[in-house]
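Here's the letter readout for the chains.
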Amino acid sequence: MTSETSNARAKIEIEGLSIFYGDAQALHNVTMNIPENRVTALIGPSGCGKSTLLRSINRMNEIIEGVRHEGTIRIDSDNIHRADMHVDNLRKRVGMVFQKPNPFPKTIFDNVAYGPRVHGVRSRGELADVVEKSLKRAALWEEVKDRLNSSALALSGGQQQRLCIARALAVGPDILLMDEPTSALDPRSTSWIEDLIDSLRSDYTIVIVTHNMQQASRVSDLTGFLYEGKLVEFGDTTQLFVSPKMKQTEDYITGRFG
Amino acid sequence: MRTVNHRDRIAEWCMRVLTYAIVAAVAYIILHIVWNGAPAMSWAFLTEMPRNSGVEGGIYPAIVGTGLLVLGTMVVALPLGMACAIYLSEYASQSRFTSFIRLAIATLAGVPSIVFGLFGLGLFVIFLNFGSSILAGSLTLACMVLPTVIVASEESLRAVPRSQREGSLALGASQWYTVSHNVLPYAVPGMVTGSVLAVGRAAGETAPILLTVAASFLPRLPQTVYDQVMALPYHLYILATQNPDAEAARPNQYGTALVLLLLVLGVNCAAILIRYRFRKKYKW
């Protein structure tokens, strides 16, 4: 595992990243290289900045007022904050799945077709193609292929989350950010999503925030532990869980706090 | 224990009686108008021109006038109010300037309707030289209902969860694409309901149209937006107070009141039906 992770090319390079909400600093000088086609988990107690870190990768933090950053993030060596970078294009490459499934109150088809339509796909045939491919990729196609035109809100929670994953995949990203994607789901749906993440890792660079440590150890190749806005430890998942280098990491994963 | 119980019952009965008193007052007003207005009601009353200062004949031009004013008010107030609400809810940052805008809106809502009438007279009728006209009257009424439209619209926009906006933005949609495709469609029913209720209230207003559009007796239909019209509330006022033979004017007066009441009730029912229909559709 160790050799495998170190071989991979750095897809996302985060260097000296600090994030401020007004006067409060949420992230302190975080530096990490997230490798391509691997699953990287971010763990840590509530409020440690793991979601903030995740949401800075597709610049979703910027919709919050008064947020400001220092440091750089590069995706494929391309600075995501450079002046002529369009956020829409960045977000096309970096998909996101949220904590609570947020299907749009539209049909299943229109949910998945939303992204492609945003980016200018108009032909019905092409859209149908993308929708089918994305739903298949998200392991939802068999369950919904006969009711693409019924409301997405009628789906179960687990199905809704897979729909949201399909929706994110439909714009053709190569990075997928997941913000506690199973915390609102029952155990069975959770294992569905985890299997899905496993099947996606060959084609996507996945960064997942979770406060479920079993989940982190099950699905991820690398794990970063954040505490009070600092990246305490980052490395191979097995190694981090079996023999953490830092005392704080050990205390957290053995359940002494958090 | 027993005395507490006793007091409790007294308090309950007081409140019950007072509540019933409100219902009774409403029922009395409606029944009084229906009872006295029903005899005047006929097809001819609704479709004929008034004669003899409105004592005889129908109220056709007043119905048309009020209808046109309502329409004109909606055409002006809805786009303006919705645009303002979208700006405040989706774009504006929470700065001192936006609190100032909100304060201005709240103040506007508290301005007495006769002041709106005078404002309309000064700005639209005289300064902009629209004369006493449908245009001036609609604009004046629109100013009056604007705060209600804005507040109702902003509320329905805020009822759309943030996760809907984030979901759209995360797919690379622009702010405007997100608002127009994934926020506004769900907020429009609420916006329309609130606005229609506000406009329904405007239909019954007398003071704002008194100085800006209403004609006391004009037995013909308007040709352009620069024409004066008769309007139901003002016609009612004229019949009730300005006629030398008050008794003779009574039937048409109650008839007018009944039509106005039905019109406003109809508008409100329509608004409530819209809300009811769409509330079931979006559950967050």
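In the block above lies the structure referred to throughout.
If you're wondering where the values come from, they're calculated on a predicted model, not measured in any experiment.

All right, on to the overall build of chain A then. If you tally the helices and strands in chain A, you get 11 helices and 10 strands. Its C-alpha atoms give chain A a radius of gyration of 18 Å, near enough to 18 Å, the size a compact globule of 258 residues would have. C-alpha extents for chain A along the principal axes are approximately 55 × 45 × 35 Å. Looking at the 258 residues of chain A, the share that counts as buried comes to 54%. Considering only contacts in chain A between residues 6 or more positions apart, those separated by 24 or more positions represent 67%. Surface exposure of chain A reaches about 10,900 Å², of which carbon and sulfur atoms provide 47%. Of the charged side chains in chain A, 31 are positive and 33 negative; the average position of the first set lies 4 Å away from that of the second.

Turning our attention to the packing of aromatic side chains. Residues and elements named next belong to chain A. By the definition in use, this model includes seven aromatic pairs over all chains. Each ring, one from Phe-225 and one from Tyr-227, has its centre 6.4 Å from the other, and the planes form 10°; the classification is stacked. A relative accessible area of 0% places Phe-225 in the buried class. Assessed through its relative accessible area of 22%, Tyr-227 is described here as partly exposed. Positioned above the aromatic ring of Phe-104, the side-chain terminus of Arg-167 is 3.9 Å from the ring centre.

Attention shifts here to the sheet that holds strand β1 (residues 10-21) of chain A. Residue and element names in this part refer to chain A. Reading across from one edge, β2-β1-β4-β5 is the order of the four strands in this open sheet, with antiparallel pairing throughout. The sheet terminates laterally at β2 (24-35) and β5 (78-79), the two strands that pair on one side only. Where β1 and strand β4 (residues 67-75) come together, eight bridges link them in antiparallel fashion. Directly across from Ile-14, in β4, lies its bridge partner Ile-73. Its contacts with the sheet place helix α2 (residues 50-57) against β1, β2 and β4, and it is angled at close to 120° to β1.

Turning to the side chain of Thr-193 of chain B, a few remarks are in order. Residues and elements named next belong to chain B. Mapped onto the elements, Thr-193 comes out in helix α9 (residues 184-203). Exposure remark for Thr-193: the relative accessible area of 1% places this residue in the buried category. Once residues within four sequence positions are removed from consideration, Thr-193 is found in contact with Ala-271, Ile-274 and Arg-275.

Let us now look at the interface of chain A and chain B. Of the residues lining the interface, 24 residues belong to chain A; the matching set on chain B comes to 22 residues. Between chain A and chain B the total buried area reaches about 1,800 Å² when both faces are included, carbon and sulfur atoms providing 59% of it. Three residues stand out in chain A for area buried against chain B, namely Glu-65, Pro-105 and Tyr-114 of chain A, and they jointly supply 28% of the buried area on that side. The tally of links from chain A across to chain B stands at one salt bridge. If you look at where chain A meets chain B, you find seven residue pairs in polar contact (both at pLDDT 80 or more).

Cut-offs used in this document
Residues numbered from 1 in each chain as written. Chains lettered and ligands numbered in written order. Predicted model: local features only at pLDDT ≥ 70, side-chain atom pairs only at ≥ 80, totals over all residues. Heavy atoms only, no water. Helix = DSSP H or I, 4+ residues; strand = E, 2+ residues; numbered from the N terminus. Rg over C-alpha atoms; globule rule 2.2 N^0.38 Å. Buried < 20%, exposed > 50% of the residue type's maximum accessible area, 1.4 Å probe, protein only. Contact = heavy atoms within 4.5 Å. Areas by Shrake-Rupley, 256 points an atom, 1.4 Å probe, with all protein chains shown as cover. Lys, Arg positive; Asp, Glu negative; His and termini not counted. Charge placed at Lys NZ, Arg CZ, Asp CG, Glu CD. Phe/Tyr/Trp six-rings, centres within 6.5 Å; stacked < 30°, edge-to-face > 60°. Lys NZ or Arg CZ within 6 Å of the ring centre and 35° of its normal. Pairing = 2+ DSSP bridges. Axes fitted to C-alpha atoms, helices over the stretch in contact; angles between N-to-C directions. Buried area = accessible area lost by both parts, 1.4 Å probe. Salt bridge = Lys/Arg side-chain N within 4 Å of Asp/Glu carboxyl O. Polar contact = N/O pair within 3.5 Å; in protein donor to acceptor, adjacent residues only side chain to side chain.

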